[in-house]
2 protein chains.
Amino acid sequence: MLAVAVLALLPFVQVRGQEPTKTIAERLGYPRDAKLLIVHADDLGVAHSVNAATIKAFETGLVNSGSIMTPCPWLPEIAAYARANPQADLGLHLTLTSEWTSFRWGPVSPKDRVASLLDKDGYFYLTESDAAAKADPKQVELEITAQIERARALGIQPTHLDSHMGTLYQNRALFEVFLRVARSQKLPVRVAKAWAGRADYLSLALNPDDVYIDRVLDINPTVAPQDWAKFYTDALKKLEPGVTEVVIHLAHDDAEMQGVTVNHPDWGASWRQRDFEFFTSDAFRKALQENQIKLITWRELGKLIK
Amino acid sequence: MLAVAVLALLPFVQVRGQEPTKTIAERLGYPRDAKLLIVHADDLGVAHSVNAATIKAFETGLVNSGSIMTPCPWLPEIAAYARANPQADLGLHLTLTSEWTSFRWGPVSPKDRVASLLDKDGYFYLTESDAAAKADPKQVELEITAQIERARALGIQPTHLDSHMGTLYQNRALFEVFLRVARSQKLPVRVAKAWAGRADYLSLALNPDDVYIDRVLDINPTVAPQDWAKFYTDALKKLEPGVTEVVIHLAHDDAEMQGVTVNHPDWGASWRQRDFEFFTSDAFRKALQENQIKLITWRELGKLIK
């Protein structure tokens, strides 16, 4: 009887065994071939120009997510926006670098408790490689936890976490701290399935129960300014099914932003103005429609966390 | 013999007794009736707009002194200017308040060592009265010393010290800390003889050997925008002999400064633009000439310190 029963179950077992793992799109309740996009503005809180351009872009509905740098001086301005717009999809852009030379910031926690994160002037290091090479993971945990606590104290309810300049993806020890803090906070992190081959430890966040996206799309300095809209329009035409996050950097090309990014055209003031112009344009709206791309948010992804 | 000797000395003693104390102008080597003026821009380092407008004003030669807020994010930009222009008359605007609501800053020293200086969000208090009421003088000494050390570490050689929003003049304990630190650094402080009646402890800095100025001139919110130039021109016409410091606040009326000073017209963006326009104008240059006013700096005053 047992043998018969087992045989009778076999076809079912085989079907289950062949059934592919559900994609993130499917886990969110969308068809497997749905093209889902998060339009995500980084670096909120750095400068008034960044806050003002991003808030303006949020108002178009075409940019629908962003993340905040709590150590930066313009945090109170974007925190006020977050309190007034509790539905906004705002995460935290955990920050361990201070990359501009004329304008800098340091930690949220007391400096003497996170000395491994600071340069001789008491600011975060200029580069993610210096930051990662020198950071004591315990001090990183203290600092990023303090950043999350400061955000919550100011009334921000973060929907997700990511890492400014990718510092927390630079080595296994930092990535483990990042995941541990995110899991304890029950917040999704920016990790893409497409990154799996980049470093073995990224697979720590790519288990079937984890919440991740399929890929990140971002522009880079090889694209000439006049080709900005074409780069994004082409990428949207070729967008693969699943969850893509397009990571953008918005600001106005004004005196403040020119001062922040002085001598640094990459991710500079006119770069950010070009991103602002494309992602608030009718051309972008049309590309979303023509390519049947649906906008989703980190808030939806966060609901998958058990 | 003794009585005769004493009598013989009396006329000399009397003459010495009647001889007026040398004025600061005379100690500097100018005639007693010279009209000497320091044109001093406050708040360097707060914002790019402040730095840019003040540097532009320095280049005219009509604004010839300023002071820097080392806890503020744009410190590195003005420190680079100081290193490139070692002759510039730059002091430190010691900072224990963070008065704008959208944009804030905290201490140079570790937060857990200066907790009495910080509000619940970890920033300096918004007002000088809150700051003064809550500050532990020992923590003030630690913090203002750290501010001076950070400035020197960045290559700023301060010529003088003053106090942002006057916090260090709010009570005797803070003023004593301010004087002790200034004397140990052999730097002159902004103290005016004309302030003597305001608080008895100010006399601690007004001894014959101390270096002080005669008076401070500054505009206030009762002056209508259209009367800006008239206020200053009239004040220059009536300028008394001795050393006057006109304390001004320069910035451009741009998006950044409007963001910093949002909902606060007093000392706001257009206020600072008006100061910039008057103090870089031909009208100001002419007023200096017509009223025979000579510009001097804190560097000259500092040379009187023994």
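Quick note: structure is the one above.
For the structure given in this document, a descriptive report is provided here.

## A closer look at the overall build of chain A
Then comes step 1: Counting its regular elements, chain A contains 12 helices and seven strands.
Then comes step 2: For 306 residues, the compact-globule estimate of 2.2 N^0.38 gives 19 Å, and the C-alpha radius of gyration of chain A, at 21 Å, lies within 12% of that figure.
Then comes step 3: Seen along its three principal axes, the alpha-carbon backbone of chain A occupies a region of about 80 × 50 × 40 Å.
Then comes step 4: By sequence separation, contacts in chain A at least 24 residues apart represent 73% of the contacts at least 6 residues apart.

## Observations concerning empty space enclosed by the protein
Then comes step 1: In the structure shown here, the tally under the stated rule is three cavities of 30 Å³ or more.
Then comes step 2: Put simply, the largest cavity is a space of about 340 Å³.
Then comes step 3: Lining the largest cavity are 24 residues, with P71(A), G106(A), P71(B), G106(B) and P107(B) positioned closest to its centre.
Then comes step 4: Broken down by class, the residue content of the lining of the largest cavity amounts to 12 nonpolar, six polar and six charged.
Then comes step 5: There is about 40 Å³ of room inside the second largest cavity.

## Quick look at the packing of helix 8 (residues 228-237) of chain B against helix 10 (residues 269-279) of chain B
All names here are of chain B.
Then comes step 1: In contact at an axis separation of 10 Å, helix 8 and helix 10 are set at 50° when each is read in the N-to-C sense. Viewed along their axes, helix 8 and helix 10 adopt a mutual orientation that is oblique. The way helix 8 lies across helix 10 gives a crossing that is right-handed. Contacts from W228, A229, Y232, T233 and L236 in helix 8 reach W271, R274, D275, F278 and F279 in helix 10.

## Description of the side chain of D254(B)
Then comes step 1: Relative to the helices and strands, D254(B) resides in the loop between strand 6 (242-248) and helix 9 (255-260).
Then comes step 2: Of the side chains with opposite charge, R272(B) lies nearest to the buried D254(B), which makes no salt bridge, at 9.9 Å.
Then comes step 3: Engagement of the side chain of D254(B) in a polar contact is seen with the backbone nitrogen of M257(B), the distance being 3.0 Å.
Then comes step 4: Residues contacting D254(B), with those up to four places away along its chain left out, are A255(A) and S49(B).

## Thoughts on the interface of chain A and chain B
Then comes step 1: Contact with chain A, which involves 26 residues of that partner, is made by 26 residues of chain B.
Then comes step 2: When chain A packs against chain B, the two sides together hide about 2200 Å² of surface, and 55% of this comes from carbon and sulfur.
Then comes step 3: Together, W74(A), K111(A) and Y123(A) form the three largest contributors to the area buried by chain A at its contact with chain B, with a combined 23%.
Then comes step 4: Run the count over chain A and chain B and you get zero salt bridges.
Then comes step 5: Taken together, the residues of the side of chain A that touches chain B break down into 12 nonpolar, five polar and nine charged.

## Let's talk about the side chain of R215(B)
Residue and element names in this part refer to chain B.
Then comes step 1: Structurally, R215 is set in strand 5 (residues 215-217).
Then comes step 2: As a buried residue without a salt bridge, R215 has its nearest oppositely charged side chain in E240, at a separation of 4.2 Å.
Then comes step 3: Side-chain polar atoms of R215 contact the backbone oxygen of E240, separated by 3.4 Å.
Then comes step 4: One polar contact links R215 to T244, side chain to side chain, over a distance of 2.8 Å.

## A look at unusual backbone geometry
All names here are of chain B.
Then comes step 1: Positive phi values are uncommon outside glycine, yet M165 reaches one of about 60°.
Then comes step 2: Looking at the secondary structure, you find M165 in the loop between strand 4 (161-163) and helix 7 (172-184).
Then comes step 3: By relative accessible area, M165 is classed as partly exposed at 29%.
Then comes step 4: Positive phi outside glycine occurs at K186, with the angle close to 55°.
Then comes step 5: Along the chain, K186 falls in the loop between helix 7 and strand 5.

## Considering helix 4 (residues 75-84) of chain A
All names here are of chain A.
Then comes step 1: For helix 4, a buried count of seven out of 10 residues is recorded, marking the element as mostly surrounded by other parts of the structure.
Then comes step 2: Taken residue by residue, helix 4 has L75, P76, E77, I78, A79, Y81 and A82 as its buried positions.
Then comes step 3: Residues of helix 4 that are buried in the fold lie against strand 1 (35-44), helix 3 (48-60), strand 2 (65-68), strand 3 (90-94) and helix 6 (137-153).

## Comments concerning the relation of the copies chain A and chain B
Then comes step 1: With an RMSD of 0.0 Å, the fit of chain A onto chain B corresponds to turning through 180° and sliding 0.0 Å along the axis. As the rotation angle and translation indicate, the two copies are arranged about a two-fold axis. For chain A, the residue whose C-alpha comes nearest the rotation axis is P110(A), separated from it by 2.3 Å.
Then comes step 2: A share of 100% of interface residues in chain A that are also interface residues in chain B marks the association as one of identical surfaces.

## Some words on the pairing of strand 1 (residues 35-44) of chain B
Where a strand is regular, its side chains alternate between the two sheet faces.
Residue and element names in this part refer to chain B.
Then comes step 1: Counting buried positions along strand 1 gives nine out of 10 residues, so the element sits mostly inside the fold.
Then comes step 2: With seven bridges connecting them, strand 1 and strand 6 associate as parallel partners. Across the sheet, the residue bridging to H40 is V247, located in strand 6.
Then comes step 3: Pairing analysis gives three bridges linking strand 1 to strand 7 (residues 293-295), with the strands arranged parallel. By the bridge assignment for strand 7, L37 is matched with L295.
Then comes step 4: Judged from the three bridges that link them, strand 1 and strand 2 (residues 65-68) form a sheet pairing that is parallel. The partner of A41 across the bridge, within strand 2, is G66.
Then comes step 5: Each parallel crossover has a hand, and for strand 1 linked through helix 3 (residues 48-60) to strand 2 it is right-handed.

## Topic: the packing of aromatic side chains
Residues and elements named next belong to chain A.
Then comes step 1: Under the criterion given, the structure shown has 32 aromatic pairs over all chains.
Then comes step 2: Taking 5.0 Å as the distance between ring centres and 85° as the angle between the ring planes, the aromatic pair formed by F278 and F279 counts as edge-to-face.
Then comes step 3: The class of F278 is buried, set by a relative accessible area of 5%.
Then comes step 4: Taking relative accessible area as the criterion, F279 reaches 2% and is therefore assigned buried.
Then comes step 5: Among the aromatic residues, those joined into a ring-pair cluster are Y169, F175, F178, W195 and Y201.
Then comes step 6: Across the ring face of W228, the terminal group of R274 is positioned such that the distance to the ring centre comes to 4.1 Å.

## Here we look at helix 11 (residues 282-290) of chain A
All names here are of chain A.
Then comes step 1: Inspection of helix 11 places F284, A287 and L288 among the buried residues, and these make up the whole buried set. Looking straight down helix 11, one finds that the buried residues subtend no more than 100° of arc, so they occupy a single side. Facing away from the buried side of helix 11 by over 90 degrees, the exposed positions are D282, Q289 and E290.
Then comes step 2: As for helix 11, its buried residues are in contact with strand 1, helix 8 (228-237), helix 10 (269-279) and strand 7 (293-295).
Then comes step 3: Just downstream of helix 11, Q292 is the residue with a positive phi angle, here 50°.

Rules behind the numbers
- Residues numbered from 1 in each chain as written.
- Chains lettered and ligands numbered in written order.
- Predicted model: local features only at pLDDT ≥ 70, side-chain atom pairs only at ≥ 80, totals over all residues.
- Heavy atoms only, no water.
- Helix = DSSP H or I, 4+ residues; strand = E, 2+ residues; numbered from the N terminus.
- Rg over C-alpha atoms; globule rule 2.2 N^0.38 Å.
- Contact = heavy atoms within 4.5 Å.
- 1 Å grid on protein atoms, 1.4 Å probe; cavity = no way out; pocket = protein on both sides within 12 Å on 5 of 7 lines; lining within 4 Å.
- Points joined across faces, edges and corners; volume = space filled by probe spheres on them.
- Nonpolar A, V, L, I, M, F, W, Y, C, P; charged D, E, K, R; others polar.
- Axes fitted to C-alpha atoms, helices over the stretch in contact; angles between N-to-C directions.
- Parallel < 35°, antiparallel > 145°, perpendicular 65-115°, else oblique.
- Left-handed = near helix turned anticlockwise from the far one by under 90°.
- Buried < 20%, exposed > 50% of the residue type's maximum accessible area, 1.4 Å probe, protein only.
- Lys, Arg positive; Asp, Glu negative; His and termini not counted.
- Salt bridge = Lys/Arg side-chain N within 4 Å of Asp/Glu carboxyl O.
- Polar contact = N/O pair within 3.5 Å; in protein donor to acceptor, adjacent residues only side chain to side chain.
- Buried area = accessible area lost by both parts, 1.4 Å probe.
- Least-squares fit on C-alpha atoms with pLDDT ≥ 70 in both.
- Pairing = 2+ DSSP bridges.
- Right-handed = clockwise from strand over helix to strand, strands pointing away.
- Phe/Tyr/Trp six-rings, centres within 6.5 Å; stacked < 30°, edge-to-face > 60°.
- Lys NZ or Arg CZ within 6 Å of the ring centre and 35° of its normal.
- Arc of directions from axis to C-beta.

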